Amino acid sequence: MTTWQERLALTDGFLARRTVGARPISPEVAAAWDTIVARSGRVRVSALAESFGWSRQRLWSRFTDQIGVTPKRAAVLVRFDHAARAFRAGDSVGDTALACGYADQSHLHRDVLALAGCTPGELADRATSAG
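Since the model is a prediction, treat every value here as computed from it, not as a measurement. (Residues numbered from 1 in each chain as written. Predicted model: local features only at pLDDT ≥ 70, side-chain atom pairs only at ≥ 80, totals over all residues. Heavy atoms only, no water.)

*Asks:* Help me understand the pattern of salt bridges in this model?
*Replies:* For side chains of opposite charge, pairing can occur when their charged atoms come near one another. In the structure shown here, the tally under the stated rule is 2 salt bridges. Between Asp 65 and Arg 23 there is a salt bridge, with the nearest N and O atoms lying 2.6 Å from each other. Pair noted here: Asp 65 is in helix α4 (residues 56-67) and Arg 23 is in the loop between α1 (4-19) and α2 (27-38), with a separation of 42 residues, a long-range link. Arg 85 serves as the salt-bridge partner of Asp 81, at 2.8 Å between the closest nitrogen and oxygen. Taken together, the residues span about one helical turn, with Asp 81 and Arg 85 both in helix α5 (residues 71-88) at a distance of 4 residues. The exposure class assigned to Asp 81 is partly exposed, which follows from its relative accessible area of 36%. Classification of Arg 85 as exposed rests on a relative accessible area of 57%. (Salt bridge = Lys/Arg side-chain N within 4 Å of Asp/Glu carboxyl O. Helix = DSSP H or I, 4+ residues; strand = E, 2+ residues; numbered from the N terminus. Buried < 20%, exposed > 50% of the residue type's maximum accessible area, 1.4 Å probe, protein only.)

What follows is the structure, given as structure tokens:
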């Protein structure tokens, strides 16, 4: 296998096989995911749980069981994706930190380092050179 098209076809096949017979996602968990994505990861898990009349623990348990990560981790990943897209669009690190709801640039730096293994500046350089 040498092309990305072949790799993506294998990935699609793998994911399709994994969903056969899978339990459906509950409406609350699906709504929680939709809210996390719609708000670009800028959500408070306790408020999200309350919006369904659930405890924080119940949301964490159901969400993790059905999605595979905690709602907080999902929010971190969605916010990181939002930041990476901002870098690709040419936004500065400072503007990206502010737009994506990071407390400051050092918070963005920690997340990017943990998730991408590089600094925000390096990720921005990679994103703009790839685009």
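*Asks:* Sorry if this is basic, but what is going on with the side chain of Asp 111 here?
*Replies:* Relative to the elements of secondary structure, Asp 111 occurs in helix α7 (residues 105-116). In this structure Asp 111 is buried but unpaired, with Arg 79 as the nearest side chain of opposite charge at 4.1 Å. Excluding residues that lie within four positions of it along the chain, Asp 111 makes contacts with Val 76, Arg 79 and Tyr 102. (Lys, Arg positive; Asp, Glu negative; His and termini not counted. Contact = heavy atoms within 4.5 Å.)

*Asks:* I'm lost on α7 in this one. Help?
*Replies:* Count 3.6 residues to each turn of an α-helix, and residues three or four apart come out pointing the same way. In this model α7 runs 16 Å from its N-terminal to its C-terminal C-alpha over 12 residues, within 8% of the 16 Å that 1.5 Å per residue would give. Those residues of α7 that fall on the buried side of the exposure criterion are Leu 108, Asp 111 and Val 112. Each buried residue of α7 lies within a common arc of 95° when the element is viewed along its axis, so the set occupies one face. Of the residues in α7, the exposed ones pointing more than 90 degrees away from the buried face are Arg 110 and Ala 114. Positioned one or two residues after α7, Gly 117 has a phi angle of 75°, which is positive. (Expected span 1.5 Å × (residues − 1). Arc of directions from axis to C-beta.)

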